[in-house]
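Residues per chain, in single letters:
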Amino acid sequence: MKPNKLILLALLHVCLLPGIAPLRAAVEKPNIVIFYVDDLGWQDLEKLNDLGDPCPYETPNVIKLAEMGMNFSQGYSPAPTCAPSRAGIITGQHPAQLRYTHVTGASIPKPKKDSEFQEPFLGAYLDLDHLTLADALKQNGYRTGHYGKWHNGLNASAFGFESVNQTRGAHRGMGDRTKDFSTAKDRKYPLSKEKYPPVSADFPDGISYPYDELTEEALKFIKDNKEGPFFLNLCHWMVHWPMLTRNGELLEYYCKKLGQPFPPKKGPMTLEGQQNPYFASMVTTVDWSLGRLVELLKTTDDPRNPGKKLIETTYLFFTSDNGGAELKGKEILSDNYPLKGGKKKVDEGGVRVPLVVVGPGIPAGTQTATMVNQLDFFPTILELTSTEVSAADRAKLSGLDVTPVLMGKADEVVDANGKKRESLFWHFPHNQMRAAIRKGDFKLYRHFQTGTYSLYRLYKNGANADIEEQEDLSANPEYAGVIKELSEELNRNLEETHAELPHRNPGFKDATLPCAKIKGISFGKQGAEATLELDVNAPKAVEAYVLYYDGSGDSGGHGSKAKKGPQTDFKDPAVGYRVKIPASIGNGGHAVSAPVPAEVARVQFIVVDENRYCLYSEVTGKP
């Protein structure tokens, strides 16, 4: 860490001491805004958490936001990919508990013959029966709006949001990213008359930005609903692939700043580090959108609180859905160094994210190294808004209320019994198939494919020890006790959340254990029930599910209208709707059955046998 950072952290530590920073007056039913960025890494912001070489992406509005509130230097996402993180925030439940741990689109796993394990099957949308943050706040009199990327299946309107626009805004595909930029007369994306940063010799008055429907509609939601409390879930599609910008002036600015030709040459950008001008342009565009939103809050009177502006009565959470994406095909997007890994990995680079929170009572310009997770948003927002939920729904919440830390009254996050939280965990039974736990200075990984663990010491006495995760301590006898403690806690967490682990692959060419064998599927009277028969001389089934398909087949029909209750509509582009439902096991584990609703045209069974092999039957239609 650079010397000036050490001085800054020392000063901020003083600011966090109880009684030092004056607290703003409490507000009844404050507004809530979640500003969610896609694939923005912990090192992708100017000055904020910036270690090593300075980040070249300019984000003046994020810097100003941090000056207004609290920066969490050890903030984490619930998962290393977008859908489970978004589901975690909106339900307050851990992705492992939701059994919604990745973005698979309800696709059937197709492991290779040289792979002993396969990832579990996931549905493509979040269970409709979960209480969402939007549901809870709406019951407390809030107007709820979702704008931008949803990625939890169906539509945000099925999960408690009254106003919904899932537009990509200006982040849509374009013909030639090197030259097809917006103009002032562009029909869909006209350049603004107003000028905004960055300012340079080439653009002394700043630059214009293309019209962004996502930003404009979100601002309109605030204007239309300021008479009462509102919850805005603003989720940018940027800085996700595709790498492009319609802002030619901004791209030109970054090409010159990074010492590259403008317009760029066609083809992938392959310079290492943070040298992709398209990525830089998207980061600054997201920052521009944040600036527009904050400016509206600063200049708009709050009708419910005479004499106050909306910025004084609103809590704003700025963060990213997962760690930064570093590579797409041959194109280098960005660089998470010194963090290891990135998106789709539970290493620090895949789950540590920027996190800034501002609002009434939060001391300005403060920073904390307290570990927090976006799963904490749900219980914290309940506390900030005095929103009540049932005891059963509260018991499902995986996070903790971090309000005392936000208000500068505590340095640690504690549970309802006053016990300090010491750990966070992640479960990702996909790709590298790992789970991880961070406890104190250490982070431990469980490797499902090998049955082994690896251990890293990120910090020592508050200082960086191995944040890069380069030295695996698992073979060092000195840390045997740490591995035992953390592995037991991680496995207990997986058991308590009923996490679905990777399964054995029945097609593995070097398999040594026997596998269940499917003999066939039959339909009962009038097709009201489907039955799967297993070979009685092979291992028995210990888990079983049925997949319900609608009648669309390859036509990709849309099924019935989404509603709370039984999940009977689910769209997969190739095969129509597909819904996973538990099935019954009989005949000593060698028969599986499930009812078949009238609207279901075809079924497929999933069977997990006693040796943890997972088998998929053929898709079979009603007679």
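Throughout, residues of each chain are indexed from 1 in the direction in which the sequence is written. Per-residue local features of the predicted model are confined to residues with pLDDT of at least 70, and side-chain atom pairs are confined, for both listing and counting, to 80 or more; whole-chain, interface and lining totals are unaffected and use all residues. By convention in this description, side-chain values take in all heavy atoms of the structure and omit both hydrogens and water.

Turning to the layout of surface pockets, a few remarks are in order. Cavities and pockets were defined on a 1 Å grid built over protein atoms only: a cavity is a set of grid points that admits a 1.4 Å probe from which the probe cannot escape, a pocket is an open set flanked by protein on both sides within 12 Å along at least five of seven lines, and lining residues are those with an atom within 4 Å of any such point. Grid points are joined across faces, edges and corners, and a volume is the space filled by probe spheres set on the points. Approximately 1200 Å³ is the volume found for the second largest pocket. Lining the second largest pocket are 41 residues, and of these Ser398, Gly399, Leu400, Asp415 and Arg421 sit closest to its centre. Put simply, DSSP marks the helices as runs of H or I at least four residues long and the strands as runs of E at least two long, and each gets a number from the N terminus on. For the lining of the second largest pocket, the elements supplying multiple residues, two or more each, are helix 10 (377-385), helix 11 (391-396), helix 12 (403-406), strand 15 (423-428) and helix 13 (480-496). Tallying contributions element by element places helix 13 first for the lining of the second largest pocket, with 4 residues. Only Asp, Glu, Lys and Arg are considered charged, only Ala, Val, Leu, Ile, Met, Phe, Trp, Tyr, Cys and Pro nonpolar, and every remaining residue, Gly among them, polar. Of the residues assigned to the lining of the second largest pocket, the class counts are 14 nonpolar, 11 polar and 16 charged.

For two strands to count as paired, DSSP must find a minimum of two bridges between them. As defined by bridge partners, strand 17 (residues 442-447) adjoins strand 18 (residues 452-457) across 6 bridges and the pair is classed as antiparallel. Residue pairing across strands places Phe442 opposite Arg457, the latter belonging to strand 18. Hairpin connection from strand 17 to strand 18: 4 residues lie between these consecutive antiparallel strands, with Gly451 at a positive phi of about 70 degrees.

Here the focus is empty space enclosed by the protein. Per the stated rule, a full pass over the model turns up 5 cavities of 30 Å³ or more. In this model, the largest cavity occupies a volume close to 130 Å³. For the largest cavity, the lining is made up of 14 residues, of which Ala170, Met238, Thr245, Arg246 and Thr285 are closest to its centre. By residue class, the composition of the lining of the largest cavity is 7 nonpolar, 5 polar and 2 charged. As a volume, the second largest cavity reaches approximately 90 Å³. Forming the boundary of the second largest cavity are Ile34, Tyr36, Arg86, Ile89, Ile90, His146, Lys149, Trp150, Asn152, Asn233 and Cys235. Looking at the lining of the second largest cavity, the elements with two or more residues in it are strand 1 (31-37), helix 3 (82-91) and strand 7 (230-235). No other element matches the 3 residues that helix 3 contributes to the lining of the second largest cavity. Across the lining of the second largest cavity, the residue classes tally to 6 nonpolar, 3 polar and 2 charged.

A few words now on the nonpolar core. Side-chain atoms within 4.5 Å link the members of a nonpolar core, which is a set of buried Ala, Val, Leu, Ile, Met, Phe, Trp, Tyr and Cys residues. The buried label goes to any residue with under 20% of its type's maximum accessible area, the exposed label to any with over 50%, and the partly exposed label to all in between, with areas taken from a 1.4 Å probe on protein chains only. In this structure, Phe35, Leu65, Leu232, Leu293, Leu316 and Phe318 are the most contacted members of the largest nonpolar core, which totals 57 residues. Put simply, the parts of the chain that give this core at least two residues each are strand 1, helix 2 (60-68), helix 6 (213-225), strand 7, helix 7 (248-257), helix 8 (277-299), strand 8 (314-320) and strand 12 (355-358). For this core, the leading source of residues is helix 8, giving 12 residues. Setting aside chain neighbours within four positions, we find Leu65 in contact with Leu290, Val294, Leu316, Phe318, Val356 and Val358. Only heavy atoms enter the contact rule, under which two residues are in contact if any of them lie within 4.5 Å.

Looking at where Phe448 falls in the secondary structure, it is placed in the loop between strand 17 and strand 18. For Phe448, a relative accessible area of 10% puts it in the buried group.

Of note, the amide linkage connecting Trp241 to Pro242 takes the cis form, showing an omega dihedral of 10 degrees. Relative to the assigned elements, Pro242 resides in the loop between strand 7 and helix 7. The peptide bond linking Tyr337 to Pro338 adopts the cis configuration, its omega dihedral lying at 10 degrees. Inspection of the secondary structure puts Pro338 in the loop between strand 10 (331-332) and helix 9 (348-351). One non-glycine residue with positive phi stands out, namely Lys29, at about 45 degrees. Locating Lys29 in the fold gives a position in the loop between helix 1 (3-15) and strand 1. Given the relative accessible area of 28%, Lys29 is considered partly exposed. For Asn587, which is not glycine, the phi dihedral falls at a positive 50 degrees. By secondary structure assignment, the location of Asn587 is in the loop between strand 26 (584-586) and strand 27 (591-595). The class for Asn587 is exposed, based on a relative accessible area of 58%.

Let us look at the sheet that holds strand 7. Reading across from one edge, 6-5-7-1-8-12-2-13 is the order of the 8 strands in this open sheet, with mixed pairing throughout. Strands with a single pairing partner mark the edges of an open sheet, and in this sheet they are strand 6 (163-165) and strand 13 (366-368). Between one strand axis and the next, the sheet turns by 10 degrees as a mean value, whatever way the strands run. Each axis is a line fitted through C-alpha atoms, taken for helices only over the stretch in contact, and angles between the N-to-C directions span 0 to 180 degrees. Lying on the sheet, helix 2 is in contact with strand 2 (70-72), strand 8, strand 12 and strand 13; it crosses strand 12 at an angle near 55 degrees.

It is worth spelling out the sheet that holds strand 18 at this point. Spatially, the 4 strands line up as an open sheet ordered 15-16-17-18, and their pairing is antiparallel. Bordering the open sheet on either side are strand 15 and strand 18, each of which pairs with just one other strand. Across this sheet, the average inter-strand angle for adjacent strands is 15 degrees, counted without regard to direction. Taken together, the 6 bridges between strand 15 and strand 16 (residues 434-439) define a ladder with antiparallel strand orientation. Opposite Phe425, over in strand 16, you have Ile437 as the bridge partner. Across the sheet, helix 13 is in contact with strand 15, strand 16, strand 17 and strand 18; its angle to strand 16 comes to roughly 120 degrees.

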